[in-house]
Amino acid sequence: MKKYLVIILFCLGSHSYAQDRISVSTSKSGTIIEVSEYSHILAYRLGPASANILKNGLNTALKWIDLNSIHQKNFEKEICRFKAMDYETYKFHGYIDQLASEMRILFNGNSDGTFELLIGKYDSRQGFLSFSDKATILDFIDLLNGKSVNNEIDDIFKR
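Residues numbered from 1 in each chain as written. Predicted model: local features only at pLDDT ≥ 70, side-chain atom pairs only at ≥ 80, totals over all residues. Heavy atoms only, no water.

Participant: So what's going on with unusual backbone geometry? Which residues, and what values?
Facilitator: Of note, glutamine 72 is a non-glycine position whose phi angle comes to about 45°, a positive value. Along the chain, glutamine 72 turns up in the loop between helix H1 (48-71) and strand E5 (75-86). Classification of glutamine 72 as partly exposed rests on a relative accessible area of 38%. (Helix = DSSP H or I, 4+ residues; strand = E, 2+ residues; numbered from the N terminus. Buried < 20%, exposed > 50% of the residue type's maximum accessible area, 1.4 Å probe, protein only.)

Participant: Lay out H1 in plain terms, naming residues and giving numbers.
Facilitator: End to end, H1 covers 35 Å across 24 residues, agreeing with the expected 34 Å (1.5 Å per residue, within 8%). Listed in full, the buried residues belonging to H1 are Ser50, Ala51, Leu54, Lys55, Gly57, Leu58, Ala61, Leu62, Trp64, Ile65 and Asn68. Elements that come into contact with the buried residues of H1 comprise strand E3 (30-37), strand E4 (40-46), E5, strand E6 (101-109), strand E7 (115-121) and helix H3 (134-144). Positive phi appears at glutamine 72, one or two residues downstream of H1, with a value of about 45°. (Expected span 1.5 Å × (residues − 1). Contact = heavy atoms within 4.5 Å.)

Participant: Break down the pattern of salt bridges for me, citing the residues and quoting the values.
Facilitator: Counted by the stated rule, this structure contains seven salt bridges. With its nearest N and O atoms 3.3 Å apart, the salt bridge here joins arginine 21 to glutamate 34. Linking arginine 21 in strand E2 (residues 21-27) with glutamate 34 in strand E3, this pair joins segments that are 13 residues apart in sequence. One salt bridge in this structure joins aspartate 97 and lysine 83, with 3.4 Å as the shortest N-O distance. (Salt bridge = Lys/Arg side-chain N within 4 Å of Asp/Glu carboxyl O.)

Written as structure tokens, this is what we have:
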């Protein structure tokens, strides 16, 4: 059986995010999301079902961004939960459900129409990933779908 591996790097520029680089690698057996924060690197492995839950949750977040820009409410609401495993542990043991972490997407809406989207462990207030603008979320969804955020690169290296 052939395995396909796509590695795409996404630089977040000069915005003030918790992460300064996100890379996503996808194959038929799972998705690896790696985040560099200064010199610290965090990486999680998501199975196909968890990757789909994450994508659906991000699409829900896009709807909530539009709704909150209209209604402008202060609120915090969980969008979804999914399982992910620390990538280093996964490389050593393979997938073991007991070693996987429950992750969630948490949406924080503000009364001025702005938002913060946090993706992280369920039992933590810190996000593994955080977003505060819609364009970056759309770029991240593209990465999860195997697309580059740079169309010129996609045109050069067509599959």
